[in-house]
Amino acid sequence: MYRTKGIENGRIEVADALRGLAVAGIILFHSVEHFNTFSRSIRYTLPCDATVFNVLQTLLSGKMYGIFAVLFGLSFFIMRDNQEQKGKDFSLRFLWRMVLLFIFGLINVAFYDGDILTTYALMGLLLIPAGYLDSRWLGAITVLLLIQPLEIVTHLTGWQPEARMYYMQIAMAHDTFWHSVVTNLRYGFITDMAWFYTHGRITQTLGLFYLGLLLGRFRLFYNEGNNLHKWSVIFVISLFATVAGAAVRFGKYEDLLRPVWNLAILMLIMSAATICWYRSDRFRIIFGKLGFFGRMSLTNYLLQSILGSLLFYKWGFSLYDKLGTTYSALVGLGMIIFQYTLLSFWARKHQRGPLEGLWRRLTWIGTDNKRI
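Keep in mind that this is a model prediction, so the values were computed, not measured.

Rules and cut-offs
Per-chain numbering applies: the sequence of each chain, read as written, is numbered from 1 onward. Per-residue local features are limited, in this predicted model, to residues with pLDDT of at least 70; the limit for side-chain atom pairs, both in listing and counting, is 80 or more; totals at the level of whole chains, interfaces and linings are taken over all residues. Just so you know, side-chain values use all the structure's heavy atoms and leave hydrogens and water out. In this analysis an axis means a line fitted to C-alpha atoms, helices contributing only their contacting stretch, and an angle means the value between N-to-C directions, from 0 to 180 degrees. For the purposes of this entry, the term helix denotes a DSSP run of H or I that reaches at least four residues, the term strand denotes a run of E that reaches at least two, and both are numbered from the N terminus. Take the far helix as the reference: if the near one is turned anticlockwise from it by less than a right angle, the crossing is left-handed, and if turned clockwise, right-handed. Residues count as neighbours in contact if any of their non-hydrogen atoms are within 4.5 Å of one another. Just so you know the grouping, Ala, Val, Leu, Ile, Met, Phe, Trp, Tyr, Cys and Pro go in nonpolar, Asp, Glu, Lys and Arg go in charged, and all remaining residues, Gly too, go in polar. Throughout this description, the term nonpolar core refers to a set of buried Ala, Val, Leu, Ile, Met, Phe, Trp, Tyr and Cys residues connected via side-chain atoms within 4.5 Å. Burial classification: accessible surface area is computed with a 1.4 Å probe over protein chains only, and a residue below 20% of its type maximum counts as buried, one above 50% as exposed, and the rest as partly exposed. Note on aromatic contacts: the rings of Phe and Tyr and the six-membered ring of Trp form a pair at centre separations within 6.5 Å, being stacked when their planes are under 30 degrees apart, edge-to-face when over 60 apart, and tilted otherwise.

Caption draft 1: Representation of the packing of helix H1 (residues 13–32) against helix H3 (residues 63–85) in the model. It is the contact of H1 with H3, at a shortest axis distance of 8 Å, that shows an interaxial angle of 145°. The handedness of the crossing between H1 and H3 comes out as left-handed. Packed against H1, whose contacting residues are Ala15, Leu18, Arg19, Leu21, Ala22, Val23, Gly25, Ile26 and His30, the element H3 presents Met64, Tyr65, Ile67, Phe68, Leu71, Leu74 and Ser75 at the interface. Its residues assigned to classes, the contact of H1 with H3 comprises twelve nonpolar, three polar and one charged.

Okay, here's the thing in structure tokens:
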């Protein structure tokens, strides 16, 4: 059983910046995907649309959510370890925190059926037993989850899991706001869970949660000991795997190898950012400007769903059948700039975003920790 090392867990600023990068990437790619609303005919397109989509898909799809998942596990470790150092068990408090996250997710899914908060809230409960495991056992389980065991079984046996899928595109692209909300609340969560299940995201996401938990235990995000050397090794391995994945065709093993390649790319991004953060003052100053954006990730995530549905769905400005990939990417960039500017004013007087502050107060209700 794992026991705290009793070392203070200071604020990890590079993790905040990475979370900000992940949120920005999620907003950008959701815009390219028209927030899951599709049309057979697009009015305004450019010859470079296919290239832009391929580049953004390679850099963002599966990688930004992956970084988000790793940092989710890291945050769990920090909160749990801090409580353990005080002689307190964090399990029930974290369970309550996930109930609150699920409620936030239901609000989010009312606007956007691609919500991950409800899924994270349910899968996050599996962090509770993982927190007690010895690091060697947890490491073995993490590796098993990240190599896509479900897909391996599928390829070895021919067995294919079945999951009923509900698609929101028609409801979102047409009809009224309230009909869209009701349809999303009725089918959105089922759609998310089914998509996660059939695309290997359940095992991968849980593996990334556990990876973040392990990174927290090993304190790799702190500039201590030979951590930068370890990140350099991770960088080299990730770079090799990324180049190798780009040079081969996955073919019929796409569903098995694509998530592993995504893992290599996201580890490449995380290792490069961490190394540069501690070795370059200029990089730290520039990249650090994403820090407050990452600390307000919950607020950002719900805000992008509201803005994105308003811009792309038919009950709003109906851009889903008007803008091609490049123009949609520019809209996404505009959303990032708008949210960054808006929350920068909030950050001048508040350490956390409005929803983060509310989440914290409700998490620690009945204790002195709810003060912010």
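Caption draft 2: Examining the nonpolar core more closely. Leu18, Leu101, Tyr120, Phe209, Phe221 and Met270 are the most contacted members of the largest nonpolar core, which has 86 residues in total. Ranked by residue count, the leading element in this core is H3, at 13 residues.

Caption draft 3: Looking closely at the environment of Asn300. Locating Asn300 in the fold gives a position in helix H16 (residues 297–312). With residues near it in sequence (within four places) discarded, Asn300 still touches Val23, Phe293, Gln339 and Leu343.

Caption draft 4: A look at the packing of aromatic side chains. Under the criterion given, the structure shown has 24 aromatic pairs. For the ring pair Phe72 and Tyr120, a centre distance of 5.4 Å and an interplane angle of 70° mean the geometry is edge-to-face. Pair noted here: Phe72 is in helix H3 and Tyr120 is in helix H5 (residues 117–124), with a separation of 48 residues, a long-range link. Taken individually, Phe72 and Tyr120 each receive the classification buried, so the pair is uniform in this respect. Measuring from ring centre to ring centre gives 6.0 Å for Phe250 and Trp261, while their planes differ by 70°; the resulting arrangement is edge-to-face.

Caption draft 5: Broad picture of the side chain of Thr203. Structurally, the position occupied by Thr203 is in helix H11 (residues 201–217). On the basis of relative accessible area, Thr203 is assigned to the buried category, the value being 14%.

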